Amino acid sequence: MNTKKQNNILAIIVMIFLFGMISFVTNLASPMGDILKFQFGVSNWMGTLGVFANFIAYAVMGYPAGNLLQKLGYKKTALIAIAVGFIGVGIQTLSGSFESFGVYLLGAFIAGFSMCLLNTVVNPMLNGLGGGGNKGNQLIQIGGSFNSLCGTAVIILTGILIPEITKAQISHVFPLMYAALAIFAFAFFVILLTAIPEKERQVQAVAEKSKYSPLSFRHFVLGAIGIFVYVGVEVGIPNVLNKWLQNPNLDVLQLGGLGGAEAIAGSVAATYWFLMLIGRLVGAVIGSKVSAKAMLSVTCVIGLALTFAGIFAPASIMVSLPVFKSSAEGLFGLANVPVNAALFVLVGLCTSVMWGGIFNLAVEGLGKYTEKASGIFMVMVCGGGILPLLQNGIIDMTGGTGYLASYWVVIAGLAYMLYYALIGSKNVNKDIAV
């Protein structure tokens, strides 16, 4: 019994690390876009293809991932996910040695398969390791917090490791990739040697095939679109912000060519992810008292106000934010950034709770169709690769200066989610038996 308990503790620790790796590998794709842009001399939208490849893998693997988990169980699915992740990050690392844009994109696409599989397996696996109930939920919350911390850290570390964005090389972030490979390798052997409690999988005979599906419910269809839009908004805000702040031609940080923009930009973008962590913690506290509809509506309104202000505020107005630096002044301190950046960063408090709100509203009243609905949601995560691509396309169409104008894509996304919260989330198909 003691050995089994110790094995579970080790497996729990590894799964929490994997929870973090999902965000670590996914968020690495965003600053990598800036490296790709300058190393290979590609446009903004092409630099974002790494993010696109990472997320479009969800569209391909999202639905099959659920079926794979149901067929093979947690342990085998987790091992496959880890192995695929190792291969994907390994190919991205090799692309730095080969100096091949295409090889990097292939690695990003394969890594996306892994992230999709890990997302499918880690939540229920942590819940099972905790024995379900409150303990299982507590472990998921811990994993989610570590996920946010890793997502924050990778943006900061990338900014520190890049000496100058115009001379950036994939090799500059090799330490981060080596760390990811080491964690994947360690996790694989720990999971392989650990007895993982499996949920009993009962083969149910389908007596009758229903003519309905989750797509028969209007509020679910609109909610699935909402998830697509949400992930695109969540990823696009810091992605473009990071590019804007470190653009050497615009010098919006007013550094006068002294350098250090990369570390400051990375820290500001990372602050967005950190505020998402804070927002999730607050959301967890008030979640039992505030309805998903109210929470989603309020955060969309606030998010719209902040984004509007960020678009129209004069970039010449500077405010101080705490950041990590790579300068002689020290590793940490205050830096002046455009007020627009501070406003966009604050949107992280709003986006932090939107996934849960959309998910709860969309599956309300689905009954037996809920499981299939979850698989469709995983497919719609691909919005995280498509909307940022659209934003960067707008930047290119405006001659590389329309960073703030690209946030109209975010405005449209937030407006849609507000519509969904107020109107689209109503279940008008209550006549379907669930």
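Residues numbered from 1 in each chain as written. Predicted model: local features only at pLDDT ≥ 70, side-chain atom pairs only at ≥ 80, totals over all residues. Heavy atoms only, no water.

**Student:** Explain the overall build of the protein chain to me, please; I cannot follow it from the model alone.
**Tutor:** Secondary structure assignment for the protein chain yields 14 helices and two strands. Total accessible area on the protein chain stands at roughly 18400 Å², and carbon and sulfur atoms take up 67% of it. (Helix = DSSP H or I, 4+ residues; strand = E, 2+ residues; numbered from the N terminus. Areas by Shrake-Rupley, 256 points an atom, 1.4 Å probe, with all protein chains shown as cover.)

**Student:** Mind showing me how you'd approach a nonpolar patch on the surface here?
**Tutor:** Together, Leu149, Phe274, Ile278, Leu281, Val282, Val285, Ile286, Val290, Leu346 and Leu349 line one region of the surface with nonpolar side chains, adding up to about 770 Å² of accessible area. Counting residues per element, the nonpolar patch draws most heavily on helix α8 (residues 261–286), which supplies six residues. For Leu149, the position within the fold is in helix α5 (residues 133–161). By relative accessible area, which is 42% here, Leu149 ends up partly exposed. (Patch = residues over 30% accessible without salt bridge, like charges linked within 9 Å, V, L, I, M, F, W, Y side chains within 5 Å. Salt bridge = Lys/Arg side-chain N within 4 Å of Asp/Glu carboxyl O. Buried < 20%, exposed > 50% of the residue type's maximum accessible area, 1.4 Å probe, protein only.)

**Student:** How should the packing of aromatic side chains be read in this particular structure?
**Tutor:** Two numbers describe a pair of aromatic rings. These are the distance of the centres and the angle of the planes. Taken as a whole, this structure holds 15 aromatic pairs when the rule is applied. Centre to centre, the rings of Phe17 and Phe146 are 5.3 Å apart; their planes meet at 70°, and the pair counts as edge-to-face. Of this pair, Phe17 sits in helix α1 (residues 2–40) while Phe146 sits in helix α5; the two residues are 129 residues apart in sequence, bridging distant segments of the chain. You can call Phe17 partly exposed: its relative accessible area is 39%. An aromatic cluster is defined as three or more aromatic residues linked by ring pairs; in this entry it consists of Phe220, Phe359 and Phe377. (Phe/Tyr/Trp six-rings, centres within 6.5 Å; stacked < 30°, edge-to-face > 60°.)

**Student:** Is there a simple way to explain empty space enclosed by the protein in this structure?
**Tutor:** Picture a little ball the size of a water molecule; that probe, rolled over the atoms, points out where space is still empty. Here the structure, examined in full by the defined rule, presents four cavities of 30 Å³ or more. The volume enclosed by the largest cavity comes to roughly 90 Å³. Forming the boundary of the largest cavity are Thr26, Asn27, Ser30, Val51, Phe55, Ile155, Val235, Pro238, Asn239, Asn242, Ala269 and Trp273. Elements with a contribution of two residues or more to the lining of the largest cavity: α1, α3 (49–98), α7 (218–246) and α8. (1 Å grid on protein atoms, 1.4 Å probe; cavity = no way out; pocket = protein on both sides within 12 Å on 5 of 7 lines; lining within 4 Å. Points joined across faces, edges and corners; volume = space filled by probe spheres on them.)

**Student:** Quick question: what am I supposed to make of the environment of Pro238 here?
**Tutor:** Relative to the helices and strands, Pro238 is located in helix α7. Exposure remark for Pro238: the relative accessible area of 5% places this residue in the buried category. For the pair Pro238 and Phe344, spaced 106 residues apart in sequence, the C-alpha to C-alpha distance is 7.9 Å. For Pro238, the residues in contact, after removing those within four places along its chain, are Ala269, Tyr272 and Trp273. (Contact = heavy atoms within 4.5 Å.)

**Student:** How do you make sense of the side chain of Asn392 when you look at a structure like this?
**Tutor:** By the element assignment, Asn392 lies in helix α13 (residues 383–397). On the accessibility criterion, Asn392 (0% relative accessible area) is buried. Excluding its chain neighbours within four sequence positions, the residues that come into contact with Asn392 are Asn44, Trp45, Thr48, Asn239, Val240 and Lys243.

**Student:** Even after reading the chapter, I still don't get the packing of α7 against helix α14 (residues 408–424), so can you show me in this structure?
**Tutor:** Geometry of a packed helix pair, given as the angle between the helix axes and the separation of the axes. Between α7 and α14, the shortest axis-to-axis distance is 9 Å and the interhelical angle comes to 150°. Here α7 is positioned roughly antiparallel relative to α14, judged by the angle of their axes. Here α7 runs over α14; the crossing is left-handed. Only Val410, Gly413, Leu414, Tyr416, Met417, Tyr419, Tyr420, Ile423 and Gly424 of α14 make contact with α7, whose side of the interface consists of Arg218, His219, Leu222, Gly223, Ile225, Gly226, Val229, Tyr230, Val233 and Ile237. Considering only residue class, the contact of α7 with α14 consists of 13 nonpolar, five polar and one charged. (Axes fitted to C-alpha atoms, helices over the stretch in contact; angles between N-to-C directions. Parallel < 35°, antiparallel > 145°, perpendicular 65-115°, else oblique. Left-handed = near helix turned anticlockwise from the far one by under 90°. Nonpolar A, V, L, I, M, F, W, Y, C, P; charged D, E, K, R; others polar.)

**Student:** Got a minute to help me understand the confidence of the model for the protein chain in this structure?
**Tutor:** In low-pLDDT regions, the fine details of the predicted coordinates are not to be read closely. When pLDDT is averaged along the protein chain, the result is 84, and 89% of the positions lie at 70 or above. Of all helices and strands in the protein chain, the one with the weakest mean pLDDT is strand β1 (residues 318–327) (73), whereas α14 scores best (97). (pLDDT = per-residue confidence, 0-100.)

**Student:** Got a minute to help me understand the packing of helix α11 (residues 354–363) against α14 in this structure?
**Tutor:** Following both chains from N to C, one finds α11 and α14 inclined at 40°, their axes separated by 11 Å at the closest point. With respect to each other, α11 and α14 are oriented oblique. The chirality of how α11 crosses α14 is left-handed. From α11, Met354, Ile358, Leu361 and Ala362 reach across to α14, where they touch Leu414, Met417, Tyr420 and Ala421.

**Student:** Before we go on, may I ask you to explain the nonpolar core in this structure?
**Tutor:** One recurring pattern in soluble globular proteins is that nonpolar side chains are buried together. If you look at the biggest cluster of nonpolar residues, it comprises 142 residues, and the most contacted ones within it are Leu118 and Val268. With 16 residues, the top contributor of residues to this core is α1. Leaving out residues up to four positions away in the same chain, Val268 has contacts with Leu241, Leu245, Leu321, Val323, Val337, Ala341 and Val345. (Core = buried A, V, L, I, M, F, W, Y, C linked by side-chain atoms within 4.5 Å.)

**Student:** Is there a simple way to think about α11 in this case?
**Tutor:** In an α-helix, one full turn covers 3.6 residues, which means residues spaced three or four apart are oriented alike. Within α11, the full set of buried residues consists of Met354, Gly357, Ile358, Leu361, Ala362 and Val363. Those residues of α11 that are buried are in contact with α7, α9 (292–312), α10 (339–351), α12 (370–380) and α14. Gly365 sits one or two positions beyond α11 and adopts a positive phi of about 80°.

**Student:** Where do I start with α10 in this structure?
**Tutor:** Helix length check: α10, at 13 residues, gives a terminal C-alpha distance of 19 Å against a target of 18 Å (1.5 Å per residue), a fit within 8%. Counting buried positions over the 13 residues of α10 gives eleven, a clear majority of the element. Within α10, burial applies to Val339, Asn340, Ala341, Ala342, Leu343, Phe344, Val345, Val347, Gly348, Cys350 and Thr351. (Expected span 1.5 Å × (residues − 1).)

**Student:** I tried to follow unusual backbone geometry on my own but got confused; where do I start?
**Tutor:** What is expected of a backbone is that most residues other than glycine have negative phi and most peptide bonds are trans. Notably, Glu99 is not glycine yet its phi reads approximately 55°, a positive angle. With respect to the secondary-structure elements, Glu99 resides in the loop between α3 and α4 (101–129). Note on Glu99: relative accessible area 52%, which makes it exposed. Although it is not a glycine, Asp251 adopts a positive phi angle of roughly 50°.

**Student:** Please clarify how the environment of Ala265 should be interpreted in this entry.
**Tutor:** Residue placement: Ala265 occurs in helix α8. The spacing of Ala265 and Val337 is 72 residues in sequence and 8.9 Å in space, taken between C-alpha atoms.

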